[in-house]
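# Residue-level structure breakdown
The residues making up each chain are set out below.
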Amino acid sequence: MMRIMTWIVATLMAMPMGAQRTRQDSTLKPRLVVCTDIAPADVEPDDMESMVHLMAYADMFEIEALITSVGWNCDPYPIAWSLYMYRVMGAYATDVKNLMKRSGQKEFLTMEQENACQRIGYWPSAEYITSRVVMGSTNGGIRSIGEQNDSPGSELLIRLADEDDPRPIYVAAWGGANTLAQAIWRVKQTRTSDEVKNFVRKFRLYTITDQDMDYAHRMDRARSSHMWLRKEFKDDLQFIWDEGTWQEQCELGKQNWTQHQQYIQPKGALGKEYPNYKWGVEGDTPSFLYVLPNGLNDPEDPLQAGWAGYHERGMCPDSLTTAWTSWQEPVRSISVGYKQRFYPDEMADFKARMQWADRGEGNRNPVVVVNGHRGPSPLVLRVKAGDDVRLDASKSYDPDGDSITKNWWQQPEIGTATLDIQGSDAAEVRIPQDAAGQTLHVVCEVSDQGPYLLKGYQRIIFEVE
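What comes next concerns the included structure. Predicted model, so just to flag it, every value in this text is computed and none were measured. Every chain begins its residue count from 1, and numbering advances along the sequence as written. Thresholds applied to this predicted model are a pLDDT of at least 70 for local features of residues and 80 or more for the giving and counting of side-chain atom pairs; totals over whole chains, interfaces and linings are not thresholded and use all residues. The basis for the side-chain values is all heavy atoms of the structure; hydrogens and waters are excluded.

A few words now on the packing of aromatic side chains. Geometry of aromatic contacts follows a simple scheme: Phe, Tyr and Trp rings, the Trp one being its six-membered ring, pair when their centres are within 6.5 Å, and the pair is stacked under 30 degrees between planes, edge-to-face over 60, tilted otherwise. Throughout the structure, instances matching the rule amount to 17 aromatic pairs. For the ring pair phenylalanine 61 and phenylalanine 288, a centre distance of 6.0 Å and an interplane angle of 90° mean the geometry is edge-to-face. A residue pair is termed long-range when its members are at least 10 positions apart, and phenylalanine 61 in the loop between α2 (46–55) and β2 (62–68) and phenylalanine 288 in helix α13 (residues 286–289) qualify at 227 residues. Buried residues are those whose accessible area, probed at 1.4 Å on protein chains only, stays under 20% of the maximum for their type, while exposed residues exceed 50% and partly exposed ones sit between those limits. Taking relative accessible area as the criterion, phenylalanine 61 reaches 0% and is therefore assigned buried. Taken together, the ring pairs connect Trp307, Tyr310, Tyr338, Phe342, Trp409 and Tyr457 into an aromatic cluster. Should the NZ of a Lys or the CZ of an Arg lie within 6 Å of a ring centre and within 35 degrees of the ring normal, that charge is described as sitting over the ring. Its end group placed over the ring of phenylalanine 239, arginine 230 keeps NZ or CZ at 5.1 Å from the ring centre. Here the basic side chain of lysine 351 rests over the ring of tyrosine 263, its NZ or CZ set 4.4 Å away from the ring centre. Every helix listed is a DSSP run of H or I at least four residues long, and every strand listed is a run of E at least two residues long, numbered separately from the N terminus.

Structure below.
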């Protein structure tokens, strides 16, 4: 794995002599691609809002591509609108010096090292981020897919998938995913069917509704290249079609707009680029919150509830294709319920990070350690029905020395057996006799008592024999 090996060498070279390498040092960021129809604030400001939000979390994602592309309000996409992306990049260039202090980062890696692999906690240089901004498909719909639709964005997606890197590539479609569809179409012209399958299986796609068409025709699903992707690659492409969570994100943002005015817009250069809302607030944000490695959910399993709600596999609104969705009841209400539950945590987290952008100091999240396990990946335990299992979170801590409290809860949508959970620092869990053959999920949620009351999470998965 040349890309992984390059990163390991780069990391070792960047470490001071005698430094101890911890589990966190070897945790790689998830690979993220954004397809955005970013636009002027008087047209549609929510992409600018979500882009500012994303840049405040640039230490959590390996941002592989920021692709400006077609969406509801722009078919064809006006190339001049891409300048709004560069405004956010310029603001990041100013604030990253403060943001780096959050993780104690003193300097940037070289561009060669940044282009290899990045670990969670590393703030990339503005030069690196800006180099990942490319133009994608300027025309939408299945009608545009073909010989004339290649773009720097589709070509970059092909190169990313062909890299010797085992990590999946998460594509967050804030507008249409036409650029990804074009990349797959192009690969189909030159590769075998098995090679195409392997190429497609590198990607995970999260679409905020279906915006691969003009707004007036949004209900004519057959116009969209998204339908083609779901039909042709139903067994190969993890496709999440969000209908529900993004609307709730918009509404909760409107209800909490005074917090954005007080804690986001005045903070740093990034805050100055955060526009007032027009229709809703940050409707595209769930697409990257779904991938956020905060320990709450593994994006490889859409059943795991998190800051982007909850999804089940089923029939799509087109009544023809299947995907992971949240548009029908009771799934919609479940997903919206989780969005409402976690929104205060999400908002508090964003406010704290914007304080770092503004002042270079602030609060950090508590670190959750359960049975010696820490990090974003779930703790998987194989148990038997009737077992008593001890979950020890006493080693959890707050990096700022704040006092912490712990809460344990079960996600009831996975499995049917109900767990009896008792305790705080160390929880005693009784595996019921009727749980045999099931998989059950518990979350340890840790809150600090510092500014904004930040949260940390660890998911525990019981595989019951």
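Along the chain, the position of arginine 221 falls in the loop between β5 (203–208) and α9 (225–232). The spatial distance from the C-alpha of arginine 221 to the C-alpha of proline 317 is 8.4 Å, given a sequence separation of 96 residues. Only heavy atoms enter the contact rule, under which two residues are in contact if any of them lie within 4.5 Å. Apart from residues no more than four positions distant in its own chain, arginine 221 is found in contact with Asp210, Met213, Met227, Trp241, Pro317 and Asp318. Identification of polar contacts relies on pairs of N or O atoms within 3.5 Å, with a donor-acceptor requirement for protein atoms, meaning one able to donate a hydrogen and the other able to accept it, and with residues adjacent in sequence counted only if both atoms are side-chain atoms. Looking at arginine 221, its side chain comes within polar contact range of the main-chain oxygen of arginine 218, at 3.3 Å.

Two orientations exist for strands paired in a sheet by backbone hydrogen bonds: parallel and antiparallel. Across the sheet, four strands lie side by side as β9-β15-β14-β11; this open sheet has mixed pairing. Among the strands making up the open sheet, the edge pair consists of β9 (379–383) and β11 (404–410). Here the average twist between neighbouring strands, direction ignored, is 20°. Relative to strand β14 (residues 439–448), β11 runs antiparallel, the two sharing seven bridges. Following the sheet pairing, tryptophan 409 is matched in β14 by valine 443. Pairing between strands requires that DSSP locate at least two bridges from one strand to the other. The axes used here are C-alpha line fits, helices contributing only the stretch in contact, and every angle between their N-to-C directions lies in the interval 0 to 180 degrees.

A few words on the environment of methionine 60. In this structure, methionine 60 sits in the loop between α2 and β2. Placed 108 residues apart in sequence, methionine 60 and proline 168 show a C-alpha to C-alpha distance of 15 Å. The residues contacting methionine 60, other than those within four sequence positions of it, are Lys29, Pro30, Ile120, Leu292, Pro293 and Arg353.

The tendency in soluble globular proteins is for nonpolar side chains to be buried as a group. Each nonpolar core is a collection of buried residues, namely Ala, Val, Leu, Ile, Met, Phe, Trp, Tyr and Cys, held together in the definition by side-chain atoms within 4.5 Å. Counting residues in hydrophobic clusters, the biggest one holds 72 residues, and the most contacted among them are Met51, Leu54, Met55, Phe61, Leu66 and Tyr92. If one sorts the elements of this core by residue count, helix α14 (residues 331–359) sits on top with nine residues. Sequence-distant contacts of methionine 51, defined by excluding residues within four places in its chain, comprise Val34, Thr36, Leu66, Met85, Val88, Met89 and Trp174.

Time to look at the side chain of lysine 406. The topology assignment puts lysine 406 in strand β11. Within the local environment of lysine 406, its side chain forms a polar contact with the side chain of aspartate 425, the two groups lying 2.5 Å apart. Leave out the neighbours within four places in its chain, and lysine 406 touches Ala393, Ser396, Ser424, Asp425, Glu445 and Val446.

What follows deals with the pattern of salt bridges. The salt bridge definition used is simple: a Lys or Arg side-chain nitrogen within 4 Å of an Asp or Glu carboxyl oxygen. Tallied over the entire structure, the rule returns 29 salt bridges. As a salt-bridge pair, arginine 167 and aspartate 165 come within 2.6 Å of each other at their nearest N and O atoms. Of the two residues, arginine 167 and aspartate 165, neither departs from the other in class, the shared state being buried. Put simply, arginine 359 and glutamate 361 hold a salt bridge, and the shortest N to O gap is 2.6 Å. Taken together, the shared-partner salt bridges connect Arg31, Glu62, Glu64, Arg132, Glu163, Asp165 and Arg167 into one network.

Before going further, it helps to spend a moment on unusual backbone geometry. Here the residue pair aspartate 75 and proline 76 is connected by a cis peptide bond, since its omega of 10° sits within 30 degrees of zero. Its identity is not glycine, yet threonine 209 carries a phi of approximately 50°, on the positive side. Along the chain, the position of threonine 209 falls in the loop between β5 and α9. Within the chain, serine 319 stands out as a residue other than glycine whose phi angle is a positive 60°. Take serine 319: it is sitting in the loop between β7 (312–315) and β8 (322–325). The class for serine 319 is exposed, based on a relative accessible area of 54%.

Moving on to α9. α9 sits mainly inside the fold: six of its eight residues count as buried. Turning to α9, its buried residues number three or more, namely Ser225, His226, Met227, Trp228, Leu229 and Arg230. On its buried face, α9 sits against α7 (178–190), β5, β6 (238–242) and β8. Its side-chain oxygen placed 2.9 Å from the backbone nitrogen of histidine 226, serine 224 serves as the N-cap of α9.

What follows is about the packing of α2 against helix α3 (residues 83–99). For any two helices packed against each other, the geometry is given by the interaxial angle and the distance between the axes. Running from amino to carboxyl end, α2 crosses α3 at an angle of 25°, the nearest separation of the two axes being 10 Å. As judged from the angle between their axes, α2 and α3 are roughly parallel. For the element pair α2 and α3, the recorded crossing hand is right-handed. From α2, Met48, Met51, Val52 and Met55 reach across to α3, where they touch Tyr84, Met85, Val88, Met89, Tyr92 and Leu99. Throughout, the term roughly parallel applies to angles under 35 degrees, roughly antiparallel to angles over 145, roughly perpendicular to angles from 65 to 115, and oblique to all others. A crossing counts as left-handed when the near helix is turned anticlockwise from the far one by less than a right angle, and as right-handed when that turn is clockwise.

The complete set of buried residues in helix α8 (residues 193–200) reads Val196, Phe199 and Val200. On an axial view of α8, the arc spanned by its buried residues comes to 95°, and they lie on one face. Against α6 (152–162), α7 and β5 lie the buried residues of α8. Directions drawn from the helix axis to the C-beta atoms are what define this arc.

Here the focus is the side chain of serine 287. Mapped onto the secondary structure, serine 287 falls in helix α13. Of the residues examined, serine 287 reaches a relative accessible area of 1% and is grouped as buried. Within the structure, the side chain of serine 287 is placed 2.8 Å from the side chain of tryptophan 174, a separation counted as a polar contact.

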